[in-house]
Amino acid sequence: MTQEIGTELPLQQQESVVIRFAGDSGDGMQITGNQFTGTSAILGNDLATLPDFPAEIRAPAGTRPGVSGFQIHFSSSDIHTPGDAPDVLVAMNPAALAVNLGDLKQGGIIVVNTGNFKATDLKKAKVDPSPLEDHSLDGYRVIKIDINERVKMALADSPLSSKDVQRCKNFYTLGLMYWLYSRPLETTLNWLEEKFKKKPDLVKANQMALKAGYNAGDIHEMFQGQYEVPACNTMPAGKYRNIMGNPALSLGLVAGAELAKLDILLGAYPITPASDILHQLSNYKNFGVITMQMEDEIAAICAAIGGSYAGHLGITATSGPGMALKGEAMGLAVSAELPLVIVDIQRAGPSTGMPTKVEQTDLLQSIFGRNGEAPMPVLAASTPADCFDMAIEACRIAVEYMTPVILLSDNYLSNGSEPWMLPKLEDLKPFEAKFRTDPEGYQPYSRDEKGARPWVKPGTPGLEHRIGGLEKENLTGNICYDADNHELMTNLRQAKLMAVRESIPTPEVTGASDADVLVLGWGSTLGPITSAVDKSIVAGKSVARIHLRHVWPLPHGLDEIFSRYKLILVPENNLGQMARILKSEYPTHNFHSYAKVQGKPFTTTDILAKITEILES
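Residues numbered from 1 in each chain as written. Predicted model: local features only at pLDDT ≥ 70, side-chain atom pairs only at ≥ 80, totals over all residues. Heavy atoms only, no water.

**A word on the overall build of the protein chain**
Scanning the protein chain for helices and strands turns up 21 helices and 22 strands. Here the C-alpha atoms of the protein chain give a radius of gyration of 27 Å, agreeing with the 25 Å that 2.2 N^0.38 yields for 617 residues. Its C-alpha atoms give the protein chain principal-axis dimensions of about 90 × 60 × 45 Å. The burial tally for the protein chain puts 56% of its 617 residues in the buried class. Partitioning the intrachain contacts of the protein chain with sequence separation of at least 6 by distance along the chain shows that 77% fall at a separation of at least 24. For the protein chain, the computed accessible surface area is about 26,400 Å², with 52% contributed by carbon and sulfur atoms. (Helix = DSSP H or I, 4+ residues; strand = E, 2+ residues; numbered from the N terminus. Rg over C-alpha atoms; globule rule 2.2 N^0.38 Å. Buried < 20%, exposed > 50% of the residue type's maximum accessible area, 1.4 Å probe, protein only. Contact = heavy atoms within 4.5 Å. Areas by Shrake-Rupley, 256 points an atom, 1.4 Å probe, with all protein chains shown as cover.)

**Quick notes on the side chain of arginine 20**
You can see arginine 20 is positioned in strand β2 (residues 16–24). Side chain to side chain, arginine 20 and glutamine 71 meet in a polar contact 2.6 Å long. (Polar contact = N/O pair within 3.5 Å; in protein donor to acceptor, adjacent residues only side chain to side chain.)

**Some details on the domain arrangement of the protein chain**
If you check the domain split of the protein chain, you get domain 1 (11–228), domain 2 (249–503) and domain 3 (510–616). Here domain 1 and domain 3 have C-alpha centroids that lie 36 Å from each other. Tallying the contact residues gives four residues for domain 1 and nine residues for domain 3. Taken over both partners, the interface formed by domain 1 and domain 3 buries close to 490 Å², and the fraction arising from carbon and sulfur atoms is 55%. The largest per-residue losses of area from domain 1 upon contact with domain 3 belong to His80, Thr81 and Asp84, which jointly make up 83% of the total buried on that side. On the surface where domain 1 and domain 3 come into contact, there are zero salt bridges. Our enumeration of links across domain 1 and domain 3 arrives at two residue pairs in polar contact (both at pLDDT 80 or more). (Domains from an automatic or database assignment. Buried area = accessible area lost by both parts, 1.4 Å probe. Salt bridge = Lys/Arg side-chain N within 4 Å of Asp/Glu carboxyl O.)

**A few points about the sheet that holds strand β17 (residues 509–511)**
On the basis of which strands lie adjacent, the open sheet formed by five strands has the order β17-β19-β18-β21-β22 and mixed pairing. Strands at the two margins of the open sheet, each flanked by one partner only, are β17 and β22 (591–595). Across the sheet, the mean angle from the axis of one strand to that of its neighbour is 25°, orientation sign disregarded. In this sheet, strand β19 (residues 543–548) lies alongside strand β18 (residues 517–522) in parallel orientation, the contact comprising six bridges. (Pairing = 2+ DSSP bridges. Axes fitted to C-alpha atoms, helices over the stretch in contact; angles between N-to-C directions.)

**What about the nonpolar core?**
Judged by nonpolar contacts, the single largest core of 98 residues is most densely connected at Leu249, Leu253, Leu520, Phe562, Met578 and Leu582. Here this core spans two domains, and each of domain 2 (249–503) and domain 3 (510–616) adds at least three residues to it. The contact partners of phenylalanine 562, leaving out residues within four places of it in the chain, are Leu518, Leu520, Ile568, Leu582, Tyr586, His589 and Phe591. Core analysis: the second largest hydrophobic core is formed by 45 residues, Val17, Phe36, Ile72 and Val111 among them. (Core = buried A, V, L, I, M, F, W, Y, C linked by side-chain atoms within 4.5 Å.)

**Examining the packing of helix α11 (residues 297–309) against helix α13 (residues 327–336)**
The contact between α11 and α13 brings their axes to 9 Å, and the two run at 15°. Our classification of the angle between α11 and α13 gives roughly parallel. In terms of crossing hand, the pair formed by α11 and α13 is right-handed. From α11, Ile301, Cys302 and Ile305 reach across to α13, where they touch Ala329, Met330, Leu332 and Ala333. A per-class count over the contact of α11 with α13 returns seven nonpolar, no polar and no charged. (Parallel < 35°, antiparallel > 145°, perpendicular 65-115°, else oblique. Left-handed = near helix turned anticlockwise from the far one by under 90°. Nonpolar A, V, L, I, M, F, W, Y, C, P; charged D, E, K, R; others polar.)

So, in structure tokens, the structure goes:
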């Protein structure tokens, strides 16, 4: 039925929506998704995002390996994941449609750019026949728009070249989605003004494309109505900003150093997906942050160790392949007993693997992957916003226990985003570093109640001492090859690691204390586990959950918690590394590994189905 011109389309309220923007890596899908995210955050929606981009710098245009995507889940209620399946798929070419169609909900909306569905486009995407003609999309609401032509018409008077005009089509698409979901244009219009302020023609063209897309929703009557997702009023009161995992982690490192009254020295070598840590921290020179981009991973960690020796807080950031290269120097930091924070943004391996895809496969490497007995605490952030808190925690443990600390994040967290409530400064508890200056009775490897040795800045009068990777004599620090001394020092370093347990909390259990199944997660599995367990409890299923952020040493109290449950389900984006550790540390309990190594995070549906399968069996 055709709507009469001049009548208003109905406005339908929805609790939550999942949109996925997908196109060629040069189509600006990450910018489009980030702009939609920022606008939704300003409107007060709870949200979670999942960027997905190719590992190649520029795969051949129009091919499946070159598809870049950005998924956003925005809601009027509390959410924990970027959504299992999109309600709307925006496909800019056949490859984007082919790669993402299988994830779309049945009956979902497909907005497809028909301008990129020529014979050559279909051939590049290895699509034959065209899905627009073979009835394969009959189960969906398909909105066909020649966005290429629409942008060309909207910018007919622009001085930009035809190639540059086509680069504005992502903003046309964004404007169309803003209209469909009742989002204002002002945030993006202002962003364009600032982003391209030195190129006024580019500002004007993108703004015109954005407005043209927005107006097209009304003028061309492509949709049955508009939708509105109200602001979320269930989140705690406070001041929020949208934040991604890597920026949150970087801010946490700066805050941790401030709380320790130290300056940061970051030694880093660029590697996906950790490079943003280097980029972010280089912006904080006003907080005493020194950043050094080194020639390789080994030089990077050695520079950070040198910074700690000199009285700074040494930090290095990398991913799995880089951490493998850092192994010997990590042992040096253990032997020298200097504070150091090693950030590992995990990615799919082995070797180069899939650098832009997610896995949690560095856990065993983090705990055991060094020569000799080289124990160090390992922490894992659980959400993009939690990266801030866990970065501070890593700094605290490093400073208080004079030890290197590994902080694990991953691709899912580093590039994902969510609303972050800004912390109150008074809630951030200081842990000021203490430097030894009194030479009386000084022993370089004497220890305090935590097992930490004194921290001395080079050049402090009367406190000269040896330092390095050779085994040290207890107390004096002199080089020593005595067998009994080596065993003593090894045990002292191990005891210091285990003493960290005294300063970390026992994680809380959500759900019944005597449920049939306890779902245990660590790191980035928190969101889908929380959603799945919440839905299971509402459905009357006997299930509870617990989440680990301190993954080595494991917190006190777990043995008693595990004893209350018939089975502990452990979902991981690896082949069961945490499950293996738990079986070793708590052999009397029934752990069930649930592994996924597809380069994709768990969905709520994944874990919900596994819970149901276990309970029914």
